[in-house]
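Per-entry structural report
Each chain, written out:
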Amino acid sequence: MNKILSIIACLFMALSVKAQSYNQLIEKAMEYTKRDSLVQAEGLFRQALKSDPKNARNALLFSNLGTVLKRQGKTDEALEAYTMALNITPYATSILLNRAALYMEKNLLNKAYVDYCNVIDLLPENIEARLFRAYIYMEQRQYAEARIDYNVVLGKDAKNRTARLGIIMLDEKEGRYASARDGLNLMIQENPHDTSLLKMRANIELEDNHPELALVDIEEVINVTPADAEAHIMQGDILLSMKKKDEARKAYEQAIRQGIPRPELEERLRQCK
């Protein structure tokens, strides 16, 4: 009997030491992560996983390892770590979002799409998943599906800038220029000095054959940010489309003075002769 009790006691002690070691490794790994000592953190997370491979907390460890690897630029290893985490907890939306973001970085849109769909199945109003899935739909020219996702986001957050711009871009792609302008007009009223919005409206006005309106917007951009070389190029392009070659050449020359290499504009300058 005493021998049996001794064996049991030894087992409990071994388990206790193992658990203590596991927890200590995790604590040290987290400390190193906070201090941005990522190589040390990675090693400790891997040690913890090896010390207790069947621990239920390993999903979180794999997730943390994935984040540490991602921060080191080890994207392939990070994907493997996130996948291991999801093998343990397949419905962890935060891990699905992390893996999807990495897939997006690597331009693996189809894989990212699957992860975002899984998140949306679990959390239908998740803004991050909806916005990125809408972007993927846009890239695949599935405009109706993208519009649904953007509208879901706007239903939850009517001022969401990305979703509003997404709808405007969809209207532009589908030739709904008046609707696209209306959306931009509202955003410009709210942000009158946002030059990116003015440039976007100028592009839409050009596509809709209103170069004179586009020119007004670009001139406003230049008034706000005179050193914007891209705006001077756009100004030159608009003026060239209006057959105002001398003025277009001056705009291109100004862009060159703002840092654009002359060879990049050589063809445009040739057309101004």
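In case you missed it, the structure is sitting above this.
With that settled, the discussion passes to the side chain of Arg-99. Position of Arg-99 among the secondary structure elements: in helix α5 (residues 93-105). Contacts of Arg-99, omitting those with residues within four sequence positions, involve Leu-79, Tyr-82, Thr-83, Leu-86 and Asp-115.

Okay, unusual backbone geometry next. The phi dihedral of Asn-107 is positive, around 60 degrees, even though this residue is not glycine. Within the secondary structure layout, Asn-107 lies in the loop between α5 and α6 (109-122). Not every positive phi belongs to a glycine, and Lys-243 is a case in point at roughly 65 degrees. On the basis of relative accessibility, which here comes to 69%, the residue Lys-243 falls in the exposed class.

Now for the nonpolar core. Phe-45, Leu-61 and Tyr-116 are the most contacted members of the largest nonpolar core, which totals 36 residues. Elements that contribute at least two residues to this core include exactly α1 (2-34), α2 (38-51), α3 (58-71), α4 (75-88), α5, α6 and α7 (127-139). The element best represented in this core is α5, accounting for 7 residues. Contacts of Tyr-116, omitting those with residues within four sequence positions, involve Leu-97, Ala-100, Ala-101, Met-104, Ala-129, Phe-132, Arg-133 and Ile-136.

The rules behind these values
Residues numbered from 1 in each chain as written. Predicted model: local features only at pLDDT ≥ 70, side-chain atom pairs only at ≥ 80, totals over all residues. Heavy atoms only, no water. Helix = DSSP H or I, 4+ residues; strand = E, 2+ residues; numbered from the N terminus. Contact = heavy atoms within 4.5 Å. Buried < 20%, exposed > 50% of the residue type's maximum accessible area, 1.4 Å probe, protein only. Core = buried A, V, L, I, M, F, W, Y, C linked by side-chain atoms within 4.5 Å.

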